[in-house]
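For reference, the chains in residue letters:
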Amino acid sequence: MWWKRAVVYQIYPRSFRDADGDGNGDLTGIIEKLPYLHRLGVDVIWLSPVYRSPMVDNGYDIADYYDIDPMFGSMQQMDELIARAKSEFGIGIVMDLVVNHTSDQHRWFQAALTSADAPERAYYVWRDSAADGGPPNDLQSFFGGPAWTLDRTSGQYFLHFFAAQQPDLNWHNPDLRHEIYRMMNWWLDRGLAGFRMDVIDLIGKEPDRGIGANGPELHQYIREMNQATLAGRDVLTVGETWHADLAEARQYSNPDGSELSMVFQFDHVKLEDATGRGKDERVPLDLVQLKRTVAHNQTGLYGRGWNSLFLSNHDLPRIVSRWGDSGTLRQESAKMLATTFHCLQGTPYIYQGEELGMTNVDWSDIERYRDVEVRNYYRIARDRGMSYPEALSRIAWFARDNARTPMQWTAAPDAGFGSTEPWIDFAGNHDLINAVAAEDAPDSIWHHYRALIELRKTEAVITEGKVEFLTIDHPDIFAYRRHDSATELTVISNFHAKQITLPEPYLSVPGALLLHSYADAQDPRVTRTLRPYESVVALARR
Ligand code: TEU
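Notes on the structure in this doc start here. (Residues numbered from 1 in each chain as written. Predicted model: local features only at pLDDT ≥ 70, side-chain atom pairs only at ≥ 80, totals over all residues. Heavy atoms only, no water.)

The number of helices and strands found in the chain is 17 helices and 20 strands. For a compact globule of 542 residues, the expected C-alpha radius of gyration is about 24 Å, and the chain comes in at 23 Å, within 12% of that figure. Referenced to the eigenvectors of the C-alpha coordinate spread, the extents of the chain come out at roughly 75 × 50 × 50 Å. Element-wise, carbon and sulfur atoms account for 49% of the exposed surface of the chain, whose accessible area totals about 20000 Å². Across the chain, 54 positive and 76 negative side-chain charges occur, with their mean positions spaced 4 Å apart. (Helix = DSSP H or I, 4+ residues; strand = E, 2+ residues; numbered from the N terminus. Rg over C-alpha atoms; globule rule 2.2 N^0.38 Å. Areas by Shrake-Rupley, 256 points an atom, 1.4 Å probe, with all protein chains shown as cover. Lys, Arg positive; Asp, Glu negative; His and termini not counted. Charge placed at Lys NZ, Arg CZ, Asp CG, Glu CD.)

This brings us to the pattern of salt bridges. A complete count under the given rule lists 38 salt bridges for this structure. The closest approach of N and O atoms between R84 and E88, which form a salt bridge, is 2.9 Å. Of this pair, R84 and E88 both sit in helix α3 (residues 75–89), 4 residues apart, which is roughly one turn of that helix. With a shortest N-O distance of 3.0 Å, R223 and E259 are connected by a salt bridge. One end of the pair, R223, is in helix α6 (residues 218–230); the other, E259, is in the loop between α7 (246–252) and β11 (262–264), with 36 residues separating them in the sequence. Here R223 falls in the partly exposed class, since its relative accessible area comes to 36%. The exposure class of E259 is buried, given its relative accessible area of 2%. Several salt bridges converge on common partners, so that one network encompasses D57, K279, D315, D371, E373, R400 and R404. (Salt bridge = Lys/Arg side-chain N within 4 Å of Asp/Glu carboxyl O. Buried < 20%, exposed > 50% of the residue type's maximum accessible area, 1.4 Å probe, protein only.)

Below, the discussion takes up the site of the ligand. Around the ligand sit 17 residues, and of these D57, D198, K279, D315 and R400 come closest. For the ligand, an oxygen atom lies 2.8 Å from a polar atom in the side chain of H314. R400 places a side-chain nitrogen or oxygen 2.8 Å from an oxygen atom of the ligand. Its residues assigned to classes, the shell around the ligand shows 5 nonpolar, 3 polar and 9 charged. (Near = heavy atom within 4 Å. Polar contact = N/O pair within 3.5 Å; in protein donor to acceptor, adjacent residues only side chain to side chain. Nonpolar A, V, L, I, M, F, W, Y, C, P; charged D, E, K, R; others polar.)

Printed below as a string of C-alpha cells:
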C-alpha cells in the first residue's frame, strides 16, 4: 500500500503546458515539466483525460478509450510519458477513468443510434417518453436542465447526467462491464500506477426510481471490477464520489482491498449544501462546521479505510480565493491552508498551480468563460430573468474555469504556457504569480509545499499517527495533534484574516517549530498571538 505514503499532483492537460504551439497543453509539455514535478517531490501524477474526445467537456466525454486525442499527442507519447516518469523520476501515472458515460461520438453510441437492435443499444439507458410525450421522469442533469434527451429516430429518450453529448452507460449490462474491464486491463498493462474514477458513485444508477448516486448494485460492480482488473496489481485507485458519507467511504476503502484505495469525499467543499444554499452563492466558510466534517471522516476512517486530502481540483474554484486571501496575505493564507490539510491522515492531492497560490479569474465578460457547465448555468439563469451583472458575479465565484486558466510558468507575456493564444484566457496575474519566481524565492508557497511533501516522507507520524482534534468549537483556530509512540506533531492554524490571542492550552504545545506560514517565523507560544492566517507545525520526540 505504497499509496499511503504518496503525494499526488493533478494535471489538467489542456491547461498545463503547450509544447507544440496550438494553444492547448499536450503530452510533450507534460514530459518537459517532469523535472519540475520531481523538484516539488510528488510521487504520482493524476492526469485528467487525454483520450480521444470532441472536448465538449474537455475530455470527460470520451470517443475512444484506446486512443489519445491528437490535441494532446499520440499513444507513443503517452507510452513515453509513462516510461520516463517512472524510470527518470520515480513518478507513477494515474489516468482518469471516465466510465459512467461516453461521448455521443463513441462508436458504441453511434451504433446505438443507428439501430435499436444493435447490441450497443443496451450499453446506454433508453426509455420511452412519458404519456405527454415529454421525458420519462424529471431527473435533472448536473449541468442543468433535464437528464433525458430525445432521439428523434427511435422516439426514445437517452439518459445523461452531464451534457447531452455525454450519454450515460448502462452498467446493468454485463457485456458493457466486460468491455470496460478489458479496456482497464489494456491500460494497466501499459504500466499505469492506477486510476482516478470519474463519478464512479453513479454507475449503480436506477433512473426509474430516481436514483443516480449510491444505487443498490454500486458496490457489487466495484468489487467485480476490482476482481477483473485491479486484484493482484499494486495500484492506486481513487473514486470521485460526491455522495459518499463516512459509511460509504469505509466500504469503498475497506482495508481488505476488495474495492478501491480511497475516495474523494466532498463534504468539506460543499458545506453550503447544509444551509440549503447553492454553490453559486457566496456563503462564508463555517469553520466549526468544516472542522466537524473533517474530524468526522478523519476519526471515522482511522484504521478502517483511507482518506484523500484535497482542497482543489479542476472542478473547484481556486482555494486561496475561496477560503484565503488572494491579495496581500496570499502567501500566508495559501501556506496555512496547505499545512492544515497536508498534515492530516490520508493521501494528499495537489492541483496544478495550487503550489503557486494561483487565484480565481476576475472576468466581466461571459464570452471569456469556456466551461459547458458555466454556459448552461448562464443560459438558464438569464432565461429565468437573472440580470447580467448578477449572473456574472455568481459565475465568478463558482466557475470551473477558475481552475482551468493556463498554468503560470513564467512572467513572460505567454506565461511560459505556449507561444500562441491559449484556448482559455490567463488569470491575468502571472507577472507576480509564476513558477520561476516561486522556485527562486525560498519563502514562497511553492517551497512550503515542497517542505510539506518532504516532511511526510521523513515523519511516519503523518501517515500512520493517530489524529486528535483540538478546540473544535473555536471560531478561528483549526488545530490537531498527530501522535505515535515516538513523535507528537501539532498543527495550529488561524483560518481567518484577524489577529487573535493564542488560547491557553496552546502555550504549552511541545516541540520545535518545523513549518510556519509567515516568512519571519515567530513562535506564537512566545508572542501569545496568532497573526492573520498564521499557521505552525510543532514536532516533539518522546
Ligand atoms: O465531475 C462530477 C461532478 O459532479 C461535477 O460535475 C461537479 O458537480 C461540478 O463540476 C461542480 O462544479 C466529474 C469531473 O470531475 C468533471 O470535470 C466532469 O465534467 C464530470 O464528472 C463529467 O464527467
